[in-house]
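# Fold and contact review
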Amino acid sequence: MTMLPDIGAALVGFAAITTLYGVGAMALYLRRSDTRYAYSGRNATCAGAVLLWSAVGLLLLAFVTDRFQIQYVAEHSSRDLPLYLKVSALWGGQEGSLLLWCALQALFAALVARGIVGKGDRTTAWATTFLSVITAFFCIITFSQSNPFVLSVVTPHDGAGLNPLLRHIAMVIHPPAMYVGYVGLSVPFALALAALLTGRLDEWPRIARGWLLVAWVFLGVGLLLGARWAYDVLGWGGYWGWDPVENAGLMPWLTSTALLHGLVMQNERRGFRSWNVVLATSSFVLVLFGTFVTRSGLIVSVHAFARSTIGGYFLAFIGLVVAATVGIAWIRRDGFSERRQPVGLISRDGVFFLTLVLLAAVTLSILIGSLLPTLTVWISGQRFEAGPDWFDQVTGPQFAALLALLGVCPLLGRAGLQIRARRSRGWFLIAGPVILVGAALASGFGDPVGLAGLALAGLAGATALAELARGITEWIRRSGETISAAWRHMFWLHGRQYGGYLVHIGVVLLACGVIGTRMAPFETSVVTSRGVPVEVGGYELTFIGTNQRMAADRFETRAAIEVNRAGRHVGVLQPIVAQYAPSDQSYATPAVRSSVREDLYLVLVGWDTSGHSVTLRVFVNRLAGFLWAGGILVLLGGCVSGLTLPQSADEGILRCVPRRMRDATGLALIVLVFAALVLLVWTPETGGTQRGLLTGAVASRGASRLQVGDIAPDFSLTLLDGARLASSGLEVEAVVLNFWGTWCGPCVDELAELQSIWEEYGARGVVVVGAAVADEEESVRRLIARRRVTYPVALDVSGHLSEDYGITGVPETFVVAGDDTVAAVFVGPLTREQLVDELERLVGD
């Protein structure tokens, strides 16, 4: 295994050579029409993919086996990382992410190359050539400028570990999902250029749609998980900050959305030839642009990689792509002529045209805003930062216009004809805006702009639901089948159409979530003392105490906050601040309580050393759940739309898959993707407890902690001196059970107080028992000997005692009366006076 780095680097180099050979073979085929060159080029493309995936496998093996002699592994992994984080560390830095990109690019090129079926298939051959050129570019950059197999100067015993911000489960899926989307957009671009060169501009949309849909769905998954990651990890109360790297992922998704609409119209022989070529090129160029800005140091972002030397290469490649596309388009400009007569804007074709214009305008606005800081420095020498307010003000009206088009477009088609024929159905379209606006007003939401946005959302949702209802009722009326059969008819035979309506409904839910969170924000800071309720945003928050624990590579401080609303107990939230020892960095993990109406979002800002008070940042995000539900529904609609590819499935991505297998596999994938997204993105909270995705901590026990008056569970402990202590055999007035740890500062400070209680009250029938949690016996023995602790101490090795009492951290202390009922619960550090007051009540003469 000592040669692993050399083998990995050699595989990348050989992949570059093999791919370039494939480019040359394809060029000879296109020049001489000799199919032997075509098959040779295809085989070389497939071989390049095998070599690159072998390199990925070797790098993954290096991470799993802790090969710290490889610099990239040493910088992004450590021995104590769990396996799933070691896997995700592969793409946690620039070098590994580029290698994965290379492998995915080669895989997509190989899949396209498999479509070369004969002498006349020049479009696929040209597309394979372009994709192979892209693959070769990435291979050369990875091998020469960003090699992940470079050896460390000095091999460390342990690695630096993965960036704590990337230890969220969403970060395991978000980067590869984005890369699949980015790579997928290269296929429509290559097919568009190939169609220009072969003069078959009306055929490439059928082949490209399947590839485009795959890229669109994966980009959507990546964007949604990225937003959820920001919401769960960054602790600023939001999910989208218009960061340049976030925008770099959003822009190609918007242009690919426009391209999906344009391909529909071109497939129906309704024009849009030039639009689709421009959109396919723009989508791929924006992908390259995003790669450039995140690796060039042009922008500053928490998401960006460190500045490197590869930014200039990507800028040059962008110029080459644009120049080649413009040159080919100019040479073949006669192919863009449309045979259809132009139609007015007040028509289905006109609304599609406006949709494309608006999506392009939104993309351009985001691009300008992302580049404004750099552009203003270049032009005037002063930096102008386009913040969230700027983006909201510029793009908000454009998104509102798109929402209005969602409501108008179906009215210009068959649904509109039926509504005009049966005027009794028109009330349905009015009911949507009225219901949404009325519900908003009833809940106290009175922003006029927000109400107008909700009215547009209501119209768009009503028209989409009306079209779904029309499809069901028409099928039942014509066929006499049941409702379940009608659903099967729509989503298996006409999935493209009705999947699109699901996407539209998802967009409506997204719009409601954005309006609620952006236009009715609530944010404040509060300082609260233990046991003193404070009213914040309609909630009553009571600070119970702080708990501290030592995990494998971090020290966590938790604040337990009891939440009540309108006199009803909602739950216990536990925001966390974790300090990571290797990097000496601290990160706040918010606690979120989700409901249909709103999210309560708490961030722990500070606390005093005595544990008597904490400072919290409190957010109430209205309709936040609609964001996640809407995003999932958008992606589900895209998957459903992919079930029916009547033309592109025979010529595109799924050419070699039998129809029944494709349908069954597609349905299974939809179910799996939908279930996974629900679990990752929109799992409703039980009892108001915190999501523990980043820290892995068990926060859900907060609702099951023993309360005053509960019957205390029996316990049997093996003490450090080997004796057994069973609660059932104790005939005492009270038991003071203290959960603690040697790694917890406040716990150690309490030992003297507990020892004094033991010395004073032991003769009066009080037993003090210490239960060390997540600790080592030798550490406990040394500490109690140094502190001269004589009361019984045991280790809760199995964790069963902690689970029985429902503790969420340490220190926690329970006072159990002689009748086995819990007399008092102290969460966090306690004082001698508090404990004495309780014991005097129980054992006082």
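First things first, this report covers the structure right here in the doc. (Residues numbered from 1 in each chain as written. Predicted model: local features only at pLDDT ≥ 70, side-chain atom pairs only at ≥ 80, totals over all residues. Heavy atoms only, no water.)

### Brief notes about unusual backbone geometry
- Positive phi, close to 55 degrees, is recorded for Asp66, a residue that is not glycine.
- The topology assignment puts Asp66 in the loop between helix H2 (35-64) and helix H3 (71-76).
- Asp66 gets classed as buried once you look at its relative accessible area, which sits at 16%.
- If you check the backbone angles, Arg788 has positive phi at about 55 degrees while not being a glycine. (Helix = DSSP H or I, 4+ residues; strand = E, 2+ residues; numbered from the N terminus. Buried < 20%, exposed > 50% of the residue type's maximum accessible area, 1.4 Å probe, protein only.)

### Thoughts on the sheet that holds strand E16 (residues 812-817)
- Pairing is mixed in the open sheet, where five strands are placed in the order E15-E14-E13-E16-E17. The sheet is open, and its two edges are formed by strand E15 (793-796) and strand E17 (822-827), each paired on a single side. Averaged over all pairs of adjacent strands, the angle between strand axes in this sheet comes to 20 degrees, irrespective of strand direction.
- Across seven bridges, strand E13 (residues 734-740) lies against strand E14 (residues 766-773) in parallel orientation. Bridging across to E14, Phe739 finds its partner in Ala771.
- Against the sheet, helix H23 (residues 745-761) contacts E13, E14 and E16, and its axis sits at roughly 160 degrees relative to E14.
- Together, E13, E14, E16 and E17 form the strand contacts of helix H26 (residues 832-843), whose direction differs from that of E17 by roughly 175 degrees. (Pairing = 2+ DSSP bridges. Axes fitted to C-alpha atoms, helices over the stretch in contact; angles between N-to-C directions. Contact = heavy atoms within 4.5 Å.)

### Remarks on the packing of helix H8 (residues 186-198) against helix H9 (residues 204-233)
- Two elements in contact, H8 and H9, have axes separated by 9 Å at closest approach and are oriented at 170 degrees. Viewed along their axes, H8 and H9 adopt a mutual orientation that is roughly antiparallel. Across the interface between the two elements, Val187, Pro188, Leu191, Ala192 and Ala195 of H8 pack against Trp204, Ile207, Ala208, Trp211 and Leu212 of H9.
- Along the lines of polarity and charge, the residues of the contact of H8 with H9 split into ten nonpolar, no polar and no charged. (Parallel < 35°, antiparallel > 145°, perpendicular 65-115°, else oblique. Nonpolar A, V, L, I, M, F, W, Y, C, P; charged D, E, K, R; others polar.)

### Re the sheet that holds strand E1 (residues 522-529)
- Here we have four strands laid out as an open sheet, ordered E1-E10-E9-E8, and antiparallel in their pairing. Bordering the open sheet on either side are E1 and strand E8 (591-594), each of which pairs with just one other strand. In this sheet, neighbouring strand axes are inclined to one another by 20 degrees on average, regardless of whether the strands run parallel or antiparallel.
- The pairing of strand E9 (residues 598-607) with strand E10 (residues 613-622) spans nine bridges and is classified as antiparallel. The residue bridging Val603 from the neighbouring strand is Arg617, located in E10.

### Section: H9
- Under the 1.5 Å per step criterion, the end-to-end length of H9 is 42 Å for 30 residues, consistent within 8% with the ideal 44 Å.
- Bending of H9 peaks at approximately 30 degrees at the position of Gly210.
- The element H9 is extensively covered by neighbouring structure, given that 28 of its 30 residues are classed as buried.
- Positioned one or two residues after H9, Gly235 has a phi angle of 70 degrees, which is positive. (Expected span 1.5 Å × (residues − 1). Bend = angle between axes of the 7 residues up to and from the residue.)

### So, the pairing of E9
- Taking burial as the measure, the ten residues of E9 include eight buried ones, the bulk of the element.
- Where E8 meets E9, four bridges bridge the pair, whose relative direction is antiparallel. Each residue of the ladder has a partner; that of Ala591, found in E9, is Leu602.
- Where E8 hands over to E9, the hairpin turn is made up of three residues, counted between the paired strands.

### Some points on the pattern of salt bridges
- Applying the stated criterion across every chain, the model contains 15 salt bridges.
- A salt bridge links Glu598 to Arg565, with the shortest nitrogen-to-oxygen separation between them at 2.5 Å. One end of the pair, Glu598, is in strand E9; the other, Arg565, is in strand E4 (residues 554-565), with 33 residues separating them in the sequence.
- The buried category is assigned to Glu598, whose relative accessible area is 3%. (Salt bridge = Lys/Arg side-chain N within 4 Å of Asp/Glu carboxyl O.)

### Brief notes about the packing of aromatic side chains
- Tallying each qualifying case throughout the model produces 24 aromatic pairs.
- Pairing Phe138 with Phe314 gives two aromatic rings, centres 5.5 Å apart and planes at 65 degrees, and the pair type is edge-to-face. Highlighted residues: Phe138 in helix H6 (residues 122-145) and Phe314 in helix H12 (residues 311-331), separated in sequence by 176 residues.
- Among the aromatic side chains, those forming a connected cluster through ring pairs are Trp101, Phe137, Phe138, Tyr179, Tyr182, Phe314 and Phe317.
- When the ring centre of Trp628 is taken as reference, the NZ or CZ atom of Arg228 above it lies at 4.7 Å.
- A cation sits over an aromatic face here: Arg565 above Tyr539, 4.5 Å from the ring centre. (Phe/Tyr/Trp six-rings, centres within 6.5 Å; stacked < 30°, edge-to-face > 60°. Lys NZ or Arg CZ within 6 Å of the ring centre and 35° of its normal.)

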